[in-house]
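This is what each chain is made of:
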Amino acid sequence: MQFTLKRKIKTMDNREIAQKFYKVADILEVLGQNQFRVNAYRRAAQTIESLPEDINELYKQNKLTEIPGIGAGLKEKIEELITSAHSKEIDDLEKKVPIGVLELLSIEGLGPKKVKFLNSKLHINSINDLIKLIKSHRLLKFKGWGEKSEINILQGVEQYKKFSERLPLGIALPIAEELAEKIKNIPGVKRVEICGSIRRRRETIGDLDLLAISAHPEKTINSFVHLSVIKQVKASGPTKANVVLKQGIEADLRVIKPESFGAAMNYFTGSKAHNIHIRKLGQARNLKINEYGVFKKEKSGKFKFLTGAEEINVFKSVGLSYIPPEIREDEGEIELAKQNKLPRLIEDKDIKGDLQCHSEASDGADSIEELVAYAQKVMGYKYLAITDHTPSVGVTHGLNPKRVLEQIKKIDRLNKKLRNFRILKGMEVDIKADGQLDLPDEILKKLDVVIAAIHTGFKQPTEIMTERIIKAIRNPYVKILAHPTGRIINKRMPYNVDIEKVILEAKKLNKILELNAYWNRLDLNDVNLKLVKKIGLKNVINTDAHARVELKNMRYGVMTARRGWVEAKDVINAWPMERLLKFLKKT
Ligand SMILES: [Zn+2]
């Protein structure tokens, strides 16, 4: 049975307003409007998306302009969206550029200028139009487009189609958490857990699996399918429902009997390979393990229920210690659990500071003081490195040597006033195309922490890119390589770099490859992190925050670290300040 439910428009939430603003930024860009305005919308969208508070509450308290980057103009738009779900100016803008044209922007290699050309000169309104155009080779007649662009565009389309099937963890998890909260509020519901690949913290998520215990399963399912966040109900029965959320992702809710809940959690968390291995261990002990529980085969041939309420008892029944969800991939965790030798994976509370963030001195939204107050009071940190950009990173208003020296003095002044907290003087120095750094050594040596990073020239061939990076980390003052492969989840593939070679070189030089916790980077990824662990290199987990609220992205870094089997003892920003400072000074 398939039916859709009409959703009442009340107000718009943080995510919806953020999405509106992203869209406006894209439209303005395609229309060729002022880049400053485009950036203002995009930055506001990012900030609103990661706001810890409900924007509707801030509106009620008349505090919208306290949100960083929200001036009078944007405030007015937000108010219109909150009160009526519409804004005249935005509606008019949306009419100017069809949705299919905006979709073209998601294809790698098609920037706003090219999209504008394709739309205005060749009337391309959708990805299908674009494919037809390429196949007709009409594009070759125009200057600046060649056979290579045709191939690149087709590859970009393929990649986009693949990407759009799964959501990044940093988008899917807040959606799942919000949904779980709503289910918890349904009368009769006693427990809700998010399972599936999201519980294993995979970097992209296909759909959501939620389990609940309820006193009235049927009523619970009925309330669930009527939640305002649900766009379509695909199937619904007495104990389960399959729906599509308004964000486009599918979700399953199953109401489980309390005695089976742990077994169901185990079953629906996966991975498949892990579950198969566990079931085999069970078979060797005459046990049947499924989503209902662990059953013992008796002499009569019948199965008797043994356990199932708690997940840990499923592991115990086959002689294993509890295995954290993030490493349930059948990649050696079961063998180690047998010997009770699993790594002690890092946790949020282990993190003592953040070694990469940007202040308003370059392209951040907040002052150093605001970042520090947030790091200290909200995150509970002991230290924070301010690492602004350097001049060669185009639009970031990067710091030249003179401004770096001023910033050093400013931080020294601030540090004198701080108790039990230290601001580290850092820079995210750009690695130029030839591997040279964007600041001279006499400036770099005055800093507590120097992070090197690639921000341009992504298309270099592997050999050149790898040498470029290795040259940069050979600089004695560079300690960390930021976002080492440059990938953006669902948007940009890693650049051509022999990352294994870089990791091995970093080990020789005693340098560190960052795990960038920004939700769409998570770079290094789990696979690379395992190699880092294998050769005994340390880690750092940095948020690369461009606004204070983005310091909260740390959790995505910790999740990825856990998937990479990372332990707190190997993460330099899980160390106390003195140990960290000693380490940073050694080259
Ligand atoms: Zn960077």
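Just so we're clear, the structure is a prediction, and the values are computed from it rather than from any experiment. (Residues numbered from 1 in each chain as written. Predicted model: local features only at pLDDT ≥ 70, side-chain atom pairs only at ≥ 80, totals over all residues. Heavy atoms only, no water.)

1. Considering the sheet that holds strand E16 (residues 478–481)
And step 1. With parallel pairing, the seven strands of this open sheet are ordered in space as E12-E13-E14-E15-E16-E17-E18. Each edge of the open sheet carries a strand with a single partner, namely strand E12 (353–354) and strand E18 (540–542).
And step 2. Bridging between strand E15 (residues 449–453) and E16 involves three bridges; their strand directions are parallel. Within E16, the residue paired with valine 450 across the bridge is valine 478.
And step 3. Along the sheet, helix H18 (residues 401–417) contacts strand E13 (383–389) and strand E14 (422–430); its crossing angle with E14, the most-contacted strand, is approximately 160°. (Pairing = 2+ DSSP bridges. Helix = DSSP H or I, 4+ residues; strand = E, 2+ residues; numbered from the N terminus. Contact = heavy atoms within 4.5 Å. Axes fitted to C-alpha atoms, helices over the stretch in contact; angles between N-to-C directions.)

2. Here's the deal with the coordination of the zinc ion
And step 1. Protein coordination at the zinc ion comes from Glu428 (OE), His455 (NE2) and His483 (NE2), with a distance range of 2.0 to 2.3 Å.
And step 2. Between consecutive donor residues of the zinc ion, the sequence gaps follow E-x26-H-x27-H. Placement of the pair is histidine 455 in the loop between E15 and helix H20 (462–474) and histidine 483 in the loop between E16 and helix H21 (499–509), with a sequence separation of 28 residues.
And step 3. Relative accessible area serves as the criterion here: at 1%, histidine 483 is assigned to the buried category. (Donors = N, O, S within 2.8 Å, 3.2 Å for Na, K, Ca; no water. Buried < 20%, exposed > 50% of the residue type's maximum accessible area, 1.4 Å probe, protein only.)

3. A look at the side chain of threonine 466
And step 1. With respect to the element layout, threonine 466 can be found in helix H20.
And step 2. The buried category is assigned to threonine 466, whose relative accessible area is 3%.
And step 3. A distance of 2.6 Å separates the side chain of threonine 466 from the backbone oxygen of threonine 462, its partner in a polar contact.
And step 4. If near-sequence neighbours (up to four positions away) are discounted, threonine 466 is found in contact with Val497, Asp498, Lys501 and Val502. (Polar contact = N/O pair within 3.5 Å; in protein donor to acceptor, adjacent residues only side chain to side chain.)

4. A few points about the nonpolar core
And step 1. One finds Ile346, Leu384, Ile423, Val502 and Ile541 to be the most contacted residues of the largest nonpolar core, which totals 63 residues.
And step 2. Residues in contact with leucine 384, not counting those within four places in the same chain, are Asp354, Cys357, Leu371, Val372, Ala375, Phe421, Arg422, Ile423, Leu424 and Leu551.
And step 3. Core analysis: the second largest hydrophobic core is formed by 48 residues, Ala45, Ile70, Leu102 and Leu110 among them. (Core = buried A, V, L, I, M, F, W, Y, C linked by side-chain atoms within 4.5 Å.)

5. Side note on the pairing of strand E6 (residues 230–236)
And step 1. For E6 and strand E7 (residues 240–245), the ladder comprises five bridges, and the chain directions are antiparallel. Bridging across to E7, alanine 235 finds its partner in asparagine 242.
And step 2. Two successive antiparallel strands, E6 and E7, enclose a turn made up of three residues.

6. Digging into the pattern of salt bridges
And step 1. Under the criterion given, the structure shown has 43 salt bridges.
And step 2. Residues lysine 20 and glutamate 94 are paired through a salt bridge, measuring 3.0 Å at the closest nitrogen-oxygen approach. Note that lysine 20 is positioned in helix H1 (residues 14–30) and glutamate 94 in helix H5 (residues 88–96), a separation of 74 residues in sequence.
And step 3. Notably, a salt bridge pairs aspartate 448 with arginine 422, separated by 4.0 Å at the nearest N-O pair. Placement of the pair is aspartate 448 in the loop between helix H19 (441–444) and E15 and arginine 422 in strand E14, with a sequence separation of 26 residues.
And step 4. A relative accessible area of 29% places arginine 422 in the partly exposed class. (Salt bridge = Lys/Arg side-chain N within 4 Å of Asp/Glu carboxyl O.)

7. Remarks on the packing of helix H8 (residues 127–136) against helix H9 (residues 147–163)
And step 1. Contact pair H8 / H9: the axes reach a minimum separation of 10 Å and the direction vectors enclose 150°. Classed by the angle they form, the pair H8 and H9 counts as roughly antiparallel. In this structure, the crossing between H8 and H9 has a hand that is left-handed. In this structure, H8 contributes Ile127, Leu130, Ile131 and Ile134 to the contact, and H9 contributes Glu150, Ile153, Leu154, Val157, Tyr160 and Lys161.
And step 2. Residue composition of the contact of H8 with H9, by class: eight nonpolar, no polar and two charged. (Parallel < 35°, antiparallel > 145°, perpendicular 65-115°, else oblique. Left-handed = near helix turned anticlockwise from the far one by under 90°. Nonpolar A, V, L, I, M, F, W, Y, C, P; charged D, E, K, R; others polar.)

8. Topic: unusual backbone geometry
And step 1. With an omega of 0°, the peptide bond running from glycine 270 to serine 271 counts as cis.
And step 2. When you line up the elements, serine 271 lands in the loop between helix H13 (261–269) and helix H14 (272–284).
And step 3. That bond from aspartate 523 to leucine 524 is cis: its omega, 10°, falls within 30 degrees of zero.
And step 4. Its place among the elements puts leucine 524 in the loop between strand E17 (512–516) and helix H22 (526–534).
And step 5. Residues other than glycine seldom take positive phi values, yet histidine 137 does so here, at roughly 60°.
And step 6. Positive phi is not limited to glycine here, since arginine 201 has a value of about 60°.
And step 7. Checked against the element boundaries, arginine 201 lands in the loop between helix H11 (196–199) and strand E4 (204–205).

9. Details of the confidence of the model for the chain
And step 1. Scored by pLDDT, the chain has a mean of 93; 98% of the residues are at 70 or more.
And step 2. Below pLDDT 50 for its whole length, residues 1–10 participates in 18 contacts with residues either more than four positions away or in separate chains. (pLDDT = per-residue confidence, 0-100.)

10. Brief notes about the packing of aromatic side chains
Describing an aromatic ring pair means giving the distance of the ring centres and the angle of the ring planes.
And step 1. Within the structure shown, the criterion is met by eight aromatic pairs.
And step 2. Pairing phenylalanine 458 with tyrosine 495 gives two aromatic rings, centres 5.7 Å apart and planes at 15°, and the pair type is stacked. You can see phenylalanine 458 sitting in the loop between E15 and H20 and its partner tyrosine 495 sitting in the loop between E16 and H21, a full 37 residues away along the chain.
And step 3. Each member of the aromatic cluster is reached from another via a ring pair, and the members are Phe117, Phe142 and Trp145.
And step 4. Positioned above the aromatic ring of tryptophan 145, the side-chain terminus of lysine 114 is 5.8 Å from the ring centre.
And step 5. The ring of tryptophan 575 is capped by arginine 579, whose NZ or CZ atom sits 3.6 Å from the centre of that ring. (Phe/Tyr/Trp six-rings, centres within 6.5 Å; stacked < 30°, edge-to-face > 60°. Lys NZ or Arg CZ within 6 Å of the ring centre and 35° of its normal.)

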